[in-house]
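Single-letter residue listing:
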Amino acid sequence: KGTYQGQPQQSACINCDVGRVVNTDAASECVDCPVGKFMAAGGQTACSVCEPGRYQNLAAQAFCSTCANGYWSDVAGFDCNICAEGFWYTPGATT
């Protein structure tokens with residue numbers, strides 16, 4: 001798991017690239033991490049969810065981006081939302 005081999009009769013498997021995973025044995029290809037998730041290391045079996053205040057709006061990515069001042073994102077954020085009047089968000093904060 002975490003590796004694949006797309007060619008027949010090979011003696012070794014290959015780690016999935018960052019942003020891609022495989023969680024089955026005998027895989028012939030890796031799958032992209034979906035929007036809202038990422039994987040920073042190769043050879044993994046599951047994508048990680050973006051933390052609150054971070055987002056990822058593209059698939060197959062190695063990291064999540066931080067929301068700008070005045071915007072927020074909840075867990076599994078695929079975009080940032082503008083804060084309502086009277087509220088604020090500071091990048092790096094978790095609430």
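Our structure is the block above this text.
Computed from a prediction, not measured in an experiment: that's the story for all the values here. (Residues numbered from 1 in each chain as written. Predicted model: local features only at pLDDT ≥ 70, side-chain atom pairs only at ≥ 80, totals over all residues. Heavy atoms only, no water.)

## Examining the overall build of the chain
(1) Moving on: When helices and strands are tallied, the chain shows 0 helices and 10 strands.
(2) Moving on: Secondary structure elements of the chain occur, N-terminal to C-terminal, as β-β-β-β-β-β-β-β-β-β.
(3) Moving on: Taking 95 residues into account, the globule formula puts the C-alpha radius of gyration at 12 Å, and the chain, at 17 Å, lies well above it.
(4) Moving on: Expressed along its principal axes, the backbone C-alpha trace of the chain runs to roughly 65 × 15 × 15 Å.
(5) Moving on: Burial statistics for the chain: of 95 residues in total, 23% are counted as buried.
(6) Moving on: The contacts of the chain with a sequence gap of at least 6 include a subset with a gap of at least 24, amounting to 29%.
(7) Moving on: With an accessible surface of roughly 6,100 Å², the chain has 52% of that area assigned to carbon and sulfur atoms. (Helix = DSSP H or I, 4+ residues; strand = E, 2+ residues; numbered from the N terminus. Rg over C-alpha atoms; globule rule 2.2 N^0.38 Å. Buried < 20%, exposed > 50% of the residue type's maximum accessible area, 1.4 Å probe, protein only. Contact = heavy atoms within 4.5 Å. Areas by Shrake-Rupley, 256 points an atom, 1.4 Å probe, with all protein chains shown as cover.)

## Examining the pattern of salt bridges
(1) Moving on: Here the structure, examined in full by the defined rule, presents 1 salt bridge.
(2) Moving on: Between Asp-32 and Arg-20 there is a salt bridge whose closest N-O contact spans 2.7 Å. One end of the pair, Asp-32, is in strand β4 (residues 31-32); the other, Arg-20, is in strand β3 (residues 20-21), and 12 residues separate them in sequence.
(3) Moving on: Among the residues examined, Asp-32 registers a relative accessible area of 41% and is labelled partly exposed.
(4) Moving on: A relative accessible area of 28% means that Arg-20 is categorised as partly exposed. (Salt bridge = Lys/Arg side-chain N within 4 Å of Asp/Glu carboxyl O.)

Structural measurements only, silent on function.
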